[in-house]
Amino acid sequence: MKKLNLATQILIALILGALAGFIFKEKVVIIKPLGTIFLRLLKMTILPLVFFSIVAGVSGIADLQRLKKVGVTFLGYWALASALAGIMGIVWAFIIRPGQNITLPVTEKPDVNVNLLDSVINWIPDNVAAAFSGGNLLQVIVFALFVGITISLISNTKGGKMLADLFEAGSDMMSRMVGIVLRFAPIGVFALISNVTGTLGAIVLKGIGKMILTQYIAYGMMLIIVYPIILKFIAKVNPIQHFKNIYPAMVLAFSTQSSSATLPLTMESTKKRAGVPEDMVNLIAPPAATINMHACAAEMPIYAVFASQIYGINLGFTDLITIVILGVIMAAGVAGVPGGGIMMSAVLLQVMGLPLDIVPWIAGVYILIDMPNTMLNVTGDTVGMVYTAAKLGELDKEVFNAPK
């Protein structure tokens, strides 16, 4: 097992746990405490992980501000496309309804119905210490955004650079800690999945399959509808030609499951095959690989709706808006964290007051989610760079349209 990567270990643990549940039935509850320990370890890391990763990510946006026109144009694309990805995730979660007919026991039914105005007001902490001590993640997120923005504004000063380095180090520290916690994931996933399948049977596995299908369809809609519309009607270029230009980066992203590992090829393809100016690619690509995570923005709402359907919780319009906004924010903070999507799913569920029971399910199948997830993220980065270059009149269309 040690020779296998963590994602493969977790997937094997999911399969073995499901088999153990079917074989031993209710007797497997004896190992449930191991799963409970895993969930508590995840909760332990959530608050500092969110704070450090968001501050580090937002303070890094200062690089985009060196070229104001480019930065503003790309950030506009980021906000629009990320919101559309979140909406796409919600729409397909309600169409496919992956959590329907799955019933899990919960001692207290969470109340996630919120008034939009009150919700927005309550996001702003009036006591930062209380927000941290009380575990109010929304208030911590807002404070982290303010800290990150402030650091970016003083990034040229000695103190600003020291603070940026400090929070970057804090983000690295939490990434390492999450990596340590996730080493326990195969055991935790085995214990939790075996308990669930031992008491509920195959209906849970069917729900997991429908959840994965929901994500695949949402990602597909971004690739065949949203990106082509942006390219065709806003950037004024041929979408098919764009995919021909950057398909090497898409293939590498799918196979490596790493936006960072794909970054050199992403930049090379966008410069030499898609006709985006070199300085623009150098400016946009690194931070885009950090904040422009459309797949994450789509998958987070799917998890929330999936959990709400399992527990019979009605999500109102206000709740859905909140979920989309949180998905966009968490997508900006997920990069660089081992198993980041798993951790951010736990964050989102906790913020919305939903139980974390489905987190081990997500962990178990995340290798199947992460391949198309990474490909979509990288593709979204390239679309954003072409969009920005076209909007500013700097796209070399001869290079873009040249046969490849």
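Quick caveat: nothing in here was measured; it's all calculated off a predicted structure.

Observations concerning the overall build of the protein
Right, on to step 1. If you tally the helices and strands in the protein, you get 17 helices and 0 strands.
Right, on to step 2. When burial is assessed residue by residue, the protein has 55% of its 404 residues classed as buried.
Right, on to step 3. Long-range pairs, those at least 24 residues apart, make up 83% of the contacts in the protein between residues at least 6 apart in sequence.
Right, on to step 4. Surface summary for the protein: the accessible area is close to 17500 Å², and the carbon and sulfur share equals 65%.

Considerations on a nonpolar patch on the surface
Right, on to step 1. On the surface, a cluster of nonpolar side chains totalling about 650 Å² of accessible area is made up of Ile15, Leu16, Leu19, Phe22, Ile23, Phe24 and Leu205.
Right, on to step 2. The element that contributes the greatest number of residues to the nonpolar patch is helix α1 (residues 6–24), accounting for 6 residues.
Right, on to step 3. Summarising the element assignment, Leu19 is placed in helix α1.

Some words on the side chain of Thr262
Right, on to step 1. Secondary-structure assignment places Thr262 in helix α11 (residues 259–272).
Right, on to step 2. Note on Thr262: relative accessible area 0%, which makes it buried.

Remarks on the pattern of salt bridges
Right, on to step 1. Taken as a whole and assessed by the stated rule, the structure comprises 2 salt bridges.
Right, on to step 2. Salt-bridge contacts for Glu268 lead to Lys272; the nearest nitrogen and oxygen are separated by 2.8 Å. Taken together, the residues span about one helical turn, with Glu268 and Lys272 both in helix α11 at a distance of 4 residues.
Right, on to step 3. Note on Lys272: relative accessible area 59%, which makes it exposed.
Right, on to step 4. Salt-bridge contacts for Lys271 lead to Glu278; the nearest nitrogen and oxygen are separated by 4.0 Å.

Observations regarding the packing of helix α9 (residues 203–234) against helix α13 (residues 294–310)
Right, on to step 1. As a packed pair, α9 and α13 sit with axes 10 Å apart at the nearest point and diverge in direction by 145 degrees. Judged by the sense of rotation from one axis to the other, the crossing of α9 with α13 is right-handed. On α13, the residues touching Gly207, Met211, Thr214, Gln215, Ala218, Tyr219, Met222 and Tyr227 of α9 are His294, Ala295, Ala298, Glu299, Ile302, Tyr303 and Phe306.

Some words on the nonpolar core
Right, on to step 1. In terms of nonpolar packing, the biggest core is built from 130 residues, with Ile358, Trp361 and Val386 touching the most fellow members.
Right, on to step 2. Among the elements that take part in this core, helix α16 (residues 359–391) stands out by supplying 14 residues, more than any other.
Right, on to step 3. Ile358 has contacts with Tyr303, Phe306, Ala307, Ile310 and Leu349, leaving out every residue within four places of it along the chain.

Points about α16
Right, on to step 1. With 33 residues, α16 should reach 48 Å at 1.5 Å per residue; the first-to-last C-alpha distance of 41 Å falls well below that figure.
Right, on to step 2. By the largest-angle criterion, Val365 marks the main kink of α16, which is about 65 degrees.
Right, on to step 3. Summarising burial for α16: 29 of the 33 residues are buried, a large majority.
Right, on to step 4. Downstream of α16 by a residue or two, Gly393 has a phi angle that is positive, lying close to 70 degrees.

Concerning the packing of helix α2 (residues 32–59) against helix α7 (residues 158–182)
A packed helix pair is summarised by two numbers, namely the angle formed by the two axes and the spacing between the axes.
Right, on to step 1. The geometry of α2 relative to α7 is characterised by a closest axis approach of 8 Å and an angle of 160 degrees between their N-to-C directions. Here α2 is positioned roughly antiparallel relative to α7, judged by the angle of their axes. In this structure, α2 crosses over α7, and the sense of that crossing is left-handed. Contacts between α2 and α7 involve Phe38, Leu41, Leu42, Met44, Thr45, Pro48, Leu49, Phe51, Phe52, Ser53, Val55 and Ala56 on the former and, on the latter, Phe167, Glu168, Gly170, Ser171, Met173, Met174, Met177, Val178, Val181 and Leu182.

Some remarks on the environment of Leu348
Right, on to step 1. With respect to the element layout, Leu348 can be found in helix α15 (residues 340–351).
Right, on to step 2. On the basis of relative accessibility, which here comes to 0%, the residue Leu348 falls in the buried class.
Right, on to step 3. It is 7.3 Å that separates the C-alpha atoms of Leu348 and Ala304, two residues lying 44 residues apart in sequence.
Right, on to step 4. What Leu348 contacts, discounting residues up to four positions off in sequence, is Met300, Pro301, Ala304, Ile323, Leu326 and Met330.

Basis of the calculations
Residues numbered from 1 in each chain as written. Predicted model: local features only at pLDDT ≥ 70, side-chain atom pairs only at ≥ 80, totals over all residues. Heavy atoms only, no water. Helix = DSSP H or I, 4+ residues; strand = E, 2+ residues; numbered from the N terminus. Buried < 20%, exposed > 50% of the residue type's maximum accessible area, 1.4 Å probe, protein only. Contact = heavy atoms within 4.5 Å. Areas by Shrake-Rupley, 256 points an atom, 1.4 Å probe, with all protein chains shown as cover. Patch = residues over 30% accessible without salt bridge, like charges linked within 9 Å, V, L, I, M, F, W, Y side chains within 5 Å. Salt bridge = Lys/Arg side-chain N within 4 Å of Asp/Glu carboxyl O. Axes fitted to C-alpha atoms, helices over the stretch in contact; angles between N-to-C directions. Left-handed = near helix turned anticlockwise from the far one by under 90°. Core = buried A, V, L, I, M, F, W, Y, C linked by side-chain atoms within 4.5 Å. Expected span 1.5 Å × (residues − 1). Bend = angle between axes of the 7 residues up to and from the residue. Parallel < 35°, antiparallel > 145°, perpendicular 65-115°, else oblique.

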